[in-house]
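# Architecture at a glance
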Amino acid sequence: MLYLTNCSDLPDDVGRFDGEEEVRAFCARTKIDGFELLALGGGGLGPVPRELVIGVHLLYYPCFVDFWNGNEAGVVAEFGSVAEAQKRLGSRAQMIGRLRAQLDWAQEIGAKYVVFHVSDVSLAETVTGMRLHSDEAVVDAALAWLRAAVRQEYRFEFLVENLWWPGFDFLRPEITRELLEGVPLRRKGIMLDVGHLMHTSPTIASQEEGTAFVLRQFARHGALCAQIRGLHLHQWVEGSAYRSALGKNPPQLHGDYAQRLSQAYGHVLRMDAHRPFSSPCVRRMVQSAAPEYLVHELITRDRAEHESFLHTQNKALGKG
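A brief report on the enclosed structure follows. (Residues numbered from 1 in each chain as written. Predicted model: local features only at pLDDT ≥ 70, side-chain atom pairs only at ≥ 80, totals over all residues. Heavy atoms only, no water.)

### Description of the overall build of the chain
- Scanning the chain from N- to C-terminus turns up 15 helices and eight strands.
- Computed over C-alpha atoms, the radius of gyration of the chain comes to 19 Å, within 12% of the 20 Å expected from 2.2 N^0.38 for 320 residues, which places it in the range of a compact globule.
- If one aligns the C-alpha atoms of the chain with their principal axes, the spans along those axes are about 55 × 45 × 40 Å.
- When each of the 320 residues of the chain is scored for burial, the buried share is 56%.
- In the chain, once contacts between residues fewer than 6 apart in sequence are set aside, the share between residues at least 24 apart is 80%.
- Accessible area for the chain stands at about 13,400 Å²; split by element, carbon and sulfur atoms hold 51% of it.
- Side-chain charges in the chain split into 34 positive and 39 negative, and the spacing between the mean points of these groups amounts to 3 Å. (Helix = DSSP H or I, 4+ residues; strand = E, 2+ residues; numbered from the N terminus. Rg over C-alpha atoms; globule rule 2.2 N^0.38 Å. Buried < 20%, exposed > 50% of the residue type's maximum accessible area, 1.4 Å probe, protein only. Contact = heavy atoms within 4.5 Å. Areas by Shrake-Rupley, 256 points an atom, 1.4 Å probe, with all protein chains shown as cover. Lys, Arg positive; Asp, Glu negative; His and termini not counted. Charge placed at Lys NZ, Arg CZ, Asp CG, Glu CD.)

Put into structure tokens, the structure is as follows:
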């Protein structure tokens, strides 16, 4: 098993290190083998050595299904205008081109895997919990986008990630099966985000309850669990209750799209804060999944906090 942590290619993340020696020392102190890189800023690795980029988290658009399907009414309801949507997403051809370019780049740098979100959520959905699209509709659109972008076999594994919004949430085995069968690549599997899965249940109030819930989903999925190649490991048990409270008394988003996006994003961060496990209950879950890649996926303010969180989760795993 490779132990990794998340890092984006934005200056706020790669700028935490002064050079390659600092990156390697950080990995040694925190007992990690490398990074899963979220490619948002153009693919620059900064001081991170190429060989330490084990995985690449591909770009994603939180709300793309109506735009992809040409549903102008849905696009206007979300973005305010078709022009605003085009500013954010480009065109279908540009969406395809960006995804293809990232796949080719991941191949070029020698990544062992890539991660692809299969989800769609409007700004209103983030604070109300309502569902505008079915899981099936989101999976169909995501697979159509992927099929249009893929033009070769790749050496890396293509891993789909769950969220708690419409699409792939790892609650319905039939959706998991349909998604995996539809990915047009031979080397494919699941990057199971444990925190995101815990968000699907508003009753979880402890790490122990959260891990028990995850294990029940493993049991429901049966043989499909063999497709779990990686775990995004984090928890935030208060997030489920926060999301439930939002649904009962949703705030009113206001202003133009940029303003509403900022308001909604603030709520998302409060319900999905990516905090480390501190309880040894996490060990049974990891042992049951037996992933090839364990990614400490954490949201932190600086390098010192990230290192502290890694130590906390390593201790829970018995690696402290």
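### Re the side chain of Asn 314
- For Asn 314, the position within the fold is in helix H15 (residues 303-317).
- Excluding its chain neighbours within four sequence positions, the residues that come into contact with Asn 314 are Thr 30, Lys 31, His 296, Lys 319 and Gly 320.

### Observations concerning the sheet that holds strand S5 (residues 157-161)
- Read around the closed barrel, eight strands run S1-S2-S3-S4-S5-S6-S7-S8, paired in parallel fashion. Across the sheet, the mean angle from the axis of one strand to that of its neighbour is 30°, orientation sign disregarded.
- The pairing of strand S6 (residues 188-193) with strand S7 (residues 228-233) spans four bridges and is classified as parallel. Across the sheet, Leu 192 pairs through a bridge with Leu 231, a residue of S7.
- Here helix H14 (residues 282-289) sits on the sheet in contact with S7 and strand S8 (293-296), set at roughly 160° to S7. (Pairing = 2+ DSSP bridges. Axes fitted to C-alpha atoms, helices over the stretch in contact; angles between N-to-C directions.)

### Description of the packing of H14 against H15
- As a packed pair, H14 and H15 sit with axes 8 Å apart at the nearest point and diverge in direction by 75°. Viewed along their axes, H14 and H15 adopt a mutual orientation that is roughly perpendicular. Contacts between H14 and H15 involve Val 282, Arg 283 and Val 286 on the former and, on the latter, Lys 315, Ala 316 and Leu 317.
- Looking at the contact of H14 with H15 residue by residue, the classes come out as four nonpolar, no polar and two charged. (Parallel < 35°, antiparallel > 145°, perpendicular 65-115°, else oblique. Nonpolar A, V, L, I, M, F, W, Y, C, P; charged D, E, K, R; others polar.)

### Regarding the nonpolar core
- Ranked by size, the top nonpolar core spans 89 residues in total, and within it Val 56, Trp 145, Phe 158 and Phe 218 carry the most contacts.
- The leading source of residues in this core is helix H8 (residues 135-149), at eight residues. (Core = buried A, V, L, I, M, F, W, Y, C linked by side-chain atoms within 4.5 Å.)

### Let's talk about the pattern of salt bridges
- Going through the model one piece at a time under the given rule, you end up with 15 salt bridges.
- We note a salt bridge from Glu 20 to Arg 24, for which the minimum N-O separation is 3.1 Å. One end of the pair is Glu 20 and the other is Arg 24, both in helix H2 (residues 20-30) and four residues apart, which spans about a single turn.
- Judged by its relative accessible area of 34%, Arg 24 falls in the partly exposed class.
- Salt-bridge contacts for Arg 303 lead to Glu 22; the nearest nitrogen and oxygen are separated by 2.7 Å. Highlighted residues: Arg 303 in helix H15 and Glu 22 in helix H2, separated in sequence by 281 residues.
- Looking at Arg 303, the relative accessible area reads 25%, which means it is partly exposed.
- Here Glu 22 falls in the partly exposed class, since its relative accessible area comes to 27%.
- In the salt-bridge network here, residues are joined through shared partners; they are Arg 131, Asp 135, Glu 136, Arg 172 and Glu 174. (Salt bridge = Lys/Arg side-chain N within 4 Å of Asp/Glu carboxyl O.)

### What about a nonpolar patch on the surface?
- The grouping of Tyr 265, Leu 269 and Ile 299 at the surface amounts to a nonpolar patch, some 270 Å² of accessible area in total.
- Position of Ile 299 relative to the elements: it lies in the loop between S8 and H15. (Patch = residues over 30% accessible without salt bridge, like charges linked within 9 Å, V, L, I, M, F, W, Y side chains within 5 Å.)

### Description of the pairing of S6
- Counting buried positions along S6 gives five out of six residues, so the element sits mostly inside the fold.
- Of the strand pairs in this sheet, S5 and S6 are connected by four bridges, and their pairing is parallel. By the bridge assignment, Glu 161 is partnered in S6 with Met 191.
- In this view, the connection linking S5 to its parallel neighbour S6 by way of helix H9 (residues 173-182) has right-handed handedness. (Right-handed = clockwise from strand over helix to strand, strands pointing away.)

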